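Survey of secondary and tertiary structure
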Amino acid sequence: MRLLVTGGAGFIGSAFIRLVLARDPSAEILNFDALTYAGNLENLESVAGRDNYRFVKANLCDAEATERAVAGFLPETVVHFAAESHVDRSIFAPKPVVDTNVTGAFHLLEAVRRHGVERFIQVSTDEVYGSIDSPDEADENFPLRPSSPYSASKAGADLLALSYLTTYKLPVIVTRASNNYGPYQFPEKLIPLMIANALENMPLPIYGDGQQVRDWLHVDDHCRAILSLVRKGRPGEVYNIGGNCALPNLEVVRRILAATGKPESLLQTVEDRLGHDRRYALTSAKLEAETGWTPEIEFDQGLEQTIDWYCANTEWVERVRSGAYREYYEANYSRREQQLDRLSMARVKP
Ligand code: NAD
Ligand code: TYD
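So, here's what we can say about the structure. Bear in mind the structure is a predicted one, so any value in this text is a computation, not a measurement. (Residues numbered from 1 in each chain as written. Chains lettered and ligands numbered in written order. Predicted model: local features only at pLDDT ≥ 70, side-chain atom pairs only at ≥ 80, totals over all residues. Heavy atoms only, no water.)

Where helix α1 (residues 11-23) contacts helix α7 (residues 219-232), the two axes come as close as 9 Å, and the packing angle between them is 60°. Viewed along their axes, α1 and α7 adopt a mutual orientation that is oblique. In this structure, α1 crosses over α7, and the sense of that crossing is right-handed. Mapping the contact onto sequence places Phe 11, Ile 12, Ala 15, Phe 16, Leu 19, Val 20 and Arg 23 in α1 and Val 219, Asp 220, His 222, Cys 223, Arg 224, Ile 226, Leu 227 and Val 230 in α7. In the contact of α1 with α7, the residues fall into 11 nonpolar, 1 polar and 3 charged. (Axes fitted to C-alpha atoms, helices over the stretch in contact; angles between N-to-C directions. Helix = DSSP H or I, 4+ residues; strand = E, 2+ residues; numbered from the N terminus. Parallel < 35°, antiparallel > 145°, perpendicular 65-115°, else oblique. Left-handed = near helix turned anticlockwise from the far one by under 90°. Contact = heavy atoms within 4.5 Å. Nonpolar A, V, L, I, M, F, W, Y, C, P; charged D, E, K, R; others polar.)

This next bit is on α1. Relative to the 18 Å expected for 13 residues at 1.5 Å per residue, α1 spans 19 Å between its end C-alpha atoms, a close match to the ideal helical length. Most of α1 sits inside the fold, with 10 of its 13 residues counted as buried. Looking at α1, one finds that the buried residues are Phe 11, Ile 12, Gly 13, Ser 14, Ala 15, Phe 16, Ile 17, Leu 19, Val 20 and Leu 21. (Expected span 1.5 Å × (residues − 1). Buried < 20%, exposed > 50% of the residue type's maximum accessible area, 1.4 Å probe, protein only.)

With that settled, the discussion passes to the pairing of strand β9 (residues 213-218). With 6 of its 6 residues buried, β9 lies for the most part within the structure. Residues Val 213, Asp 215 and Leu 217 line one face of β9 and the alternating positions Arg 214, Trp 216 and His 218 line the opposite face, and both faces are buried. Relative to β9, strand β7 (residues 179-181) is paired through 3 bridges, and the arrangement is parallel. Each residue of the ladder has a partner; that of Tyr 181, found in β9, is His 218. As judged from the 3 bridges shared by β9 and strand β11 (residues 246-248), these two strands associate in the antiparallel manner. (Pairing = 2+ DSSP bridges.)

Between helix α2 (residues 63-73) and helix α4 (residues 94-115), the least distance of the axes is 9 Å, while the angle of their chain directions is 35°. In terms of crossing hand, the pair formed by α2 and α4 is right-handed. Taken together, the residues of α4 that come into contact with α2 (itself represented by Ala 63, Thr 66, Glu 67, Val 70 and Ala 71) are His 107, Leu 108, Ala 111, Val 112, Arg 114 and His 115. Classifying every residue of the contact of α2 with α4 by side-chain character gives 6 nonpolar, 3 polar and 2 charged.

What follows concerns the sheet that holds strand β5 (residues 119-125). Read from one edge to the other, the open sheet built from 7 strands follows the order β3-β2-β1-β4-β5-β6-β10, with strand pairing classed as parallel. At either margin of the open sheet sits one strand with a lone partner, and together these are β3 (53-57) and β10 (238-241). When the angles between neighbouring strand axes are averaged without regard to direction, this sheet yields 20°. Inspection of the sheet shows strand β1 (residues 2-6) paired to strand β4 (residues 77-80) by 4 bridges, in the parallel sense. Opposite Leu 4, over in β4, you have Val 78 as the bridge partner.

Dropping the structure here:
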């Protein structure tokens, strides 16, 4: 397999590269990543140095650099993970999100269109379906009603990618996964933020009433699903990937407190997120029927493993929370956006 992975230094992309090389040690991989605040080569220390794994630091917003990487490597398969992936950041500063998630995806599609590829996997999210009233759940034909700049930018890229199949016969597959958790996740998303704060006895900020529902999927189950689609997915199709584990946020956070032995007095209700989606729900029946995939990691077991990882890697948390994050924001965000972002981060990390 000759595989171009974008965003391979991030949370899910790095788990995917580790999985592919464990399953197929001879796979040729090029990891294309800009190393934003969320990208970290430490996540790939276990595979660095192999002859069949290469890294290029480049930005999808740079069309020429994207073209050079694709032309130089000539991948058979592209798995496109790279994105600005955090909803709160997209609310405070939408521009970098639209630049990377829409324009960056466009540059990649153009480069791949010129050179040809056997599979292009557009890694997307269930958030494109927007908030869903109980008891409904989204299948792949559910209307797209994204609420945040993040989810709207992902929906835009999904549609653009699918248009390249209709128009140029590029073999595109779109995946839409639910909320991921697991080791190496940047401590801005709910689960790693709550674990990291609990371990430091810092307040755990609950947006609004904490009754918003998310479906939790272990990152390794997500990566196995993507790999099964690299092998068996049908071009032009969309596949949902869910964890079969819908829980209200407050319940998730209470389980983290119980597992870390910390008191509920650390819980702190804060102002709600703008346009906050109340409930995500999806079915992955299509993926299960076509590939035989099912999620294997039960939530409490996955959460315990994740907490153990964060307990053993407090220095990783310290490093990603400090240096890289600040440098990236100073370089890419306007002064006003940085101020807004600091306010938001002050809210989530008092
Ligand atoms: P992440 O924020 O941890 O990592 C994103 C990676 O992309 C980083 O390594 C970053 O350096 C890189 N990147 C960002 N902008 C770039 C650019 N312009 N050029 C090149 N590289 C760039 O994200 P993640 O949580 O690993 O998510 C990966 C993908 O999965 C995203 O497309 C996201 O929308 C999707 N997704 C995430 C979740 C989740 O719960 N995290 C759920 C469903 C889908
Ligand atoms: P998040 O991890 O940001 O993922 P997404 O917004 O993509 O679902 O948030 C998951 C849920 O947790 C969401 O309902 C917002 C909520 N949340 C909090 O209540 N407090 C927090 O500090 C964060 C980061 C999220």
